[in-house]
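Structural overview for review
So you can see what is in the structure, the chains are spelled out below.
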Amino acid sequence: MNYFPDEVLEHVFDFITSHKDRNSVSLVCKSWYKIERCSRQRVFIGNCYSISPERLIARFPGLKSLTLKGKPHFADFNLVPHDWGGFVYPWIKALAKSRIGLEELRLKRMVVSDESLELLSKSFVNFKSLVLVSCEGFTTDGLAAIAANCRFLRELDLQENEVDDHRGHWLSCFPESCTSLISLNFACLRGEVNLGALERLVSRSPNLKSLRLNRAVPLDTLQKLLMRAPQLVDLGIGSYVHDPFSEVYNKLKIAIQRCKSIRSLSGFLEVAPHCMSAIYPIFGNLTFLNLSYAPGLHGNKLMKLIQHCRKLQRLWILDCIGDKGLGVVALTCKELQELRVFPSDPFGAGNAAVTEEGLVLVSAGCPKLNSLLYFCQQMTNAALITVAKNCPNFIRFRLCILDPIKPDPVTNQPLDEGFGAIVQSCKGLKRLSLSGLLTDQVFLYIGMYAEQLEMLSIAFAADSDKGMLYVLNGCKKLRKLEIRDCPFGDAALLEDVGKYETMRSLWMSSCEVTLGGCKSVAEKMPSLNVEIIDECEQMEFNLDDKQKVDKMYLYRTLVGHRKDAPEYVLIL
Amino acid sequence: MSSENGKRLLETDAGGLNFEATELTLGLPGEPRVTSDGGAKLGSKRGFSETVDLKLGDNNQEVKLGHSLQEAAKSPVSKTQVVGWPPVRGFARRGKKSCKYVKVAVDGAPYLRKVDLEIYNSYQQLLTSLEDMFSCFTIRNYLNEKKIDQVNGIEYMPTYEDKDGDWMLVGDVPWQMFVESCKRLRLMKSSEAVGLGLKTAPKYSSTN
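Residues numbered from 1 in each chain as written. Chains lettered and ligands numbered in written order. Predicted model: local features only at pLDDT ≥ 70, side-chain atom pairs only at ≥ 80, totals over all residues. Heavy atoms only, no water.

This paragraph deals with the overall build of chain B. Each helix and strand counted, chain B has seven helices and seven strands in total. Tracing chain B from N to C terminus, the helices and strands come up as α-α-α-β-β-α-β-β-α-β-β-α-β-α. Once local pairs closer than 6 in sequence are excluded, the contacts in chain B between residues at least 24 apart make up 64%. About 10,500 Å² of surface is accessible on chain B, with carbon and sulfur atoms providing 51% of the total. (Helix = DSSP H or I, 4+ residues; strand = E, 2+ residues; numbered from the N terminus. Contact = heavy atoms within 4.5 Å. Areas by Shrake-Rupley, 256 points an atom, 1.4 Å probe, with all protein chains shown as cover.)

The structure is reproduced here in structure tokens:
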């Protein structure tokens, strides 16, 4: 190996693209470490507090693309206060000061200020791609800065962010000279947009492949946009409300005929179900369909639509599709790999329209199914066992029974055996979310069989510490463990603290761990940050070690305690 | 019927229905999603009758909800009281339209209010919010007084006009269905409702 000049090795390393593989390569020897780090362009940081921007810059001078994740996953469900952390500004500031030629920034669950966006837009001449997922803290003014200053912008992709919408003018900030857009997604914005500016922008973007509109874009604008961009591959429809006998409807039909490349369809933030026939022609070619924002589509109309989708690989839908509708999916979508069924009435009186029956039907009809997110009214062990037999290829299996401790309604038993069958059969399972009535037994199965498991979400389950211990001892590849409302205490937490260094993070809320237990972990493992999130300020006057901790989040880090935590976060 | 009798009626019924059997203990919670008294009761979910205690009209009289509302809303309420469950992203307001403002009239009040039904997830939240809205109104009648004396209760029945123009009792149908069909709300004085036979016989909805 010493005989190869560096350039040859570098060339070879160019073919190694996965983060894991590149990380492994860098560990082989000093010279490989050096070559790898100088040639690395893409870096993924799963927890922004595990490393500092300065160390990132020092190690990877050739950095072009950075992915950062901030808040823990349970922040999605209001379990983490908004100002807990995950601020991107320090990263952008450090990168701006350095010589890094940043071209792409991808952020998830981070706090992004307008100031950050402005600094970003002015600091990197070749900046091309901004992807923000589940972020917050910015307004459309920040977007205006990006539009105005990033001369070679190719991608602006906003997914499910909380944006303060100052209405509309940001789109006009794209200069006439900007013709490089490939992807534009502003579906999550709630305000008006300048429709004329949008039309002009699309007209001068010949490479535009992905366009996702917000609710404020009406149908006649959509029709005009499609006429100008028949090359689109991914379309997100904003508002789909119109009169089926109108001029616009006819024009839309014509425009759709020209769009032969659309493979992915989403949006329908407002929809008139009787007008779907105009877009039937594209359903036959779709590989991804997201109707999860369209509660107005259900019953026979929805089923008729699904029957066109023979090539579908990923389907995101609301539970008003019903078991019957899932039966239609099972008959039609033989290529289906991923299914997500969301609740249309999550806080409602138990009128959820899918049960274990729908899932069994899909598992029987769609043998390629490998990824599931399923919100349902109930589940049985028998159904889970059948699903496990039909689909041994699950990589992601997330089941959410709306009543979190509901047993099998037929046998009144816990769902241990059902989930046990899933982990035993699906040898490649990487992500699992449990719900329903569950005892320690299910965790015994998980520890025994889920050898590839990387992420596990547990809520309202188990009888004792044994449950958590089975998982920590058994799942060698575990990276993220998030637990809420389970009877796990200090004994489980402290059994093997070294394990947490092999993981990205552990979240425990409303469990039985005490302040003393958490302190003990922090003492024994200086490489972990152990955070206590104490919003009610119970800990302020009473630092009794025996006190139970409401929310604990611990994660491995190379840079010690963070300095930006709010007052109610205690870092031990 | 005086508030004294009304209150006693409810307590007996509450005992008879054995709410305790339906209470689930969840371990240490964070703050529950909805509270009408601002406090979190640790360790257990609260029954509906404890949580909602409307105070409308003059002198902070207690308003008792129609009994059928308690029954119908019992199970959905327990779901809404757990923070972060079901694990649906707050952002993803699937199933919601932009907003739905309806007028709210209270018998005896000189002006109406408007509420956006879309911001609530349950009957409990709506009625709690109405309580805040109208207790403010009555407080202002007694200019400098912060404290309101409890006098005889005037009972109010929450009713609404639906798409067909009929006046319905709030609480019989699932929440989402109510939101879609409600055109306006009226808190009707029970003295008017007596003739309709709504208050007397407790209704047990067949779908609990």
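Once the structure has been displayed, the description carries forward.
The next thing to look at is the overall build of chain A. Of regular secondary structure, chain A possesses 20 helices and 23 strands. The C-alpha radius of gyration of chain A comes to 25 Å, within 12% of the 25 Å expected for a compact globule of 572 residues. Structurally, chain A occupies a C-alpha span of about 70 × 65 × 60 Å along its principal axes. For chain A, with 572 residues in total, the buried portion stands at 59%. (Rg over C-alpha atoms; globule rule 2.2 N^0.38 Å. Buried < 20%, exposed > 50% of the residue type's maximum accessible area, 1.4 Å probe, protein only.)

This part covers the domain arrangement of chain A. When the parts of a complex come together, some accessible area is lost, and that lost area is often taken as the interface size. As far as domains go, chain A holds domain 1 (1-36) and domain 2 (502-571). On a C-alpha basis, the centroid separation for the pair domain 1 of chain A and domain 2 of chain A is 38 Å. (Domains from an automatic or database assignment.)

In this section: the sheet that holds strand 6 (residues 167-169) of chain B. The pairing of strands in a sheet comes from backbone hydrogen bonds and takes either a parallel or an antiparallel form. Residues and elements named next belong to chain B. Spatially, the five strands line up as an open sheet ordered 4-3-7-5-6, and their pairing is mixed. Edge strands, defined here as strands with exactly one partner in the open sheet, are strand 4 (113-116) and strand 6. Along the sheet, successive strands turn relative to each other by an average axial angle of 30 degrees, direction set aside. The pairing of strand 3 (residues 101-106) with strand 4 spans four bridges and is antiparallel. Pairing of Val 102 across the sheet is with Val 115, part of strand 4. (Pairing = 2+ DSSP bridges. Axes fitted to C-alpha atoms, helices over the stretch in contact; angles between N-to-C directions.)

So, about the pattern of salt bridges. Working definition: two side chains of opposite charge can pair if their charged atoms are close together. For the structure shown, the criterion picks out 28 salt bridges over all chains. The residue Lys20(A) makes a salt bridge to Glu454(A) at a minimum N-O spacing of 3.6 Å. A residue pair is termed long-range when its members are at least 10 positions apart, and Lys20(A) in helix 2 (residues 19-26) and Glu454(A) in the loop between helix 17 (440-449) and strand 18 (455-459) qualify at 434 residues. Two residues, Lys183(B) and Glu161(B), come together in a salt bridge whose shortest N-O distance is 3.9 Å. Taken together, the residues span a long stretch of sequence, with Lys183(B) in strand 7 (residues 182-189) and Glu161(B) in strand 5 (residues 156-162) at a distance of 22 residues. Each of the salt bridges in this network shares a partner with another, and the network as a whole consists of Asp76(A), Arg109(A), Glu160(A) and Arg89(B). (Salt bridge = Lys/Arg side-chain N within 4 Å of Asp/Glu carboxyl O.)

Let us look at the UniProt feature "domain: F-box" (unreviewed entry) in chain A. Feature annotation in UniProt places "domain: F-box" (unreviewed entry) on residues 4-43 of chain A, given in this structure's numbering. Within residues 4-43 of chain A, the helical portion is 65% and the strand portion 5%, while the C-alpha atoms at the span's ends are 26 Å from each other. (UniProt positions renumbered as here; feature names shortened; annotations may be inferred.)

Turning to helix 13 (residues 322-332) of chain A, a few remarks are in order. All names here are of chain A. Within helix 13, nine of the 11 residues are buried, which leaves the element mostly enclosed by the surrounding structure. For helix 13, the complete set of buried residues consists of Gly 322, Asp 323, Gly 325, Leu 326, Gly 327, Val 328, Val 329, Ala 330 and Thr 332. Each element contacted by the buried residues of helix 13 is listed here: helix 12 (299-306), strand 13 (314-318), strand 14 (338-342), helix 14 (356-365) and strand 15 (371-376).

Residues and elements named next belong to chain A. Within this structure, the stated rule accounts for zero disulfides over all chains. The thiol of Cys 135 is not disulfide-bonded; the next cysteine sulfur, from Cys 188, is found 9.8 Å away. For Cys 135, a relative accessible area of 2% corresponds to the buried category. No disulfide involves Cys 486; its sulfur sits 5.3 Å from the nearest other cysteine sulfur, which is in Cys 511. What makes Cys 486 buried here is its relative accessible area of 2%. (Disulfide = S-S within 2.5 Å.)

All names here are of chain A. Enumeration over the complete set of coordinates arrives at 22 aromatic pairs over all chains. A centroid spacing of 5.2 Å and a plane angle of 65 degrees characterise the contact between Phe 13 and Trp 32, whose relative ring orientation is edge-to-face. Of this pair, Phe 13 sits in helix 1 (residues 6-13) while Trp 32 sits in helix 3 (residues 30-39); the two residues are 19 residues apart in sequence, bridging distant segments of the chain. Residue classification places Phe 13 among the buried residues on the basis of a relative accessible area of 2%. Ring geometry for Tyr 280 and Phe 283: centres 6.1 Å apart, planes at 65 degrees, overall edge-to-face. Residue Tyr 280 and its partner Phe 283 are located together in helix 11 (residues 280-283), separated by three residues, close to a single helical turn. Both residues of the pair, Tyr 280 and Phe 283, count as buried. By way of ring pairs, the aromatic residues Tyr 49, Phe 74, Phe 77, Trp 84, Trp 507, Tyr 553 and Tyr 555 are connected into one cluster. Of note, Arg 314 hangs over the ring of Phe 288, and the distance from its end group to the ring centre comes to 4.1 Å. The cationic tip of Arg 562 hangs over the ring face of Trp 84; the distance from NZ or CZ to the ring centre is 4.4 Å. (Phe/Tyr/Trp six-rings, centres within 6.5 Å; stacked < 30°, edge-to-face > 60°. Lys NZ or Arg CZ within 6 Å of the ring centre and 35° of its normal.)

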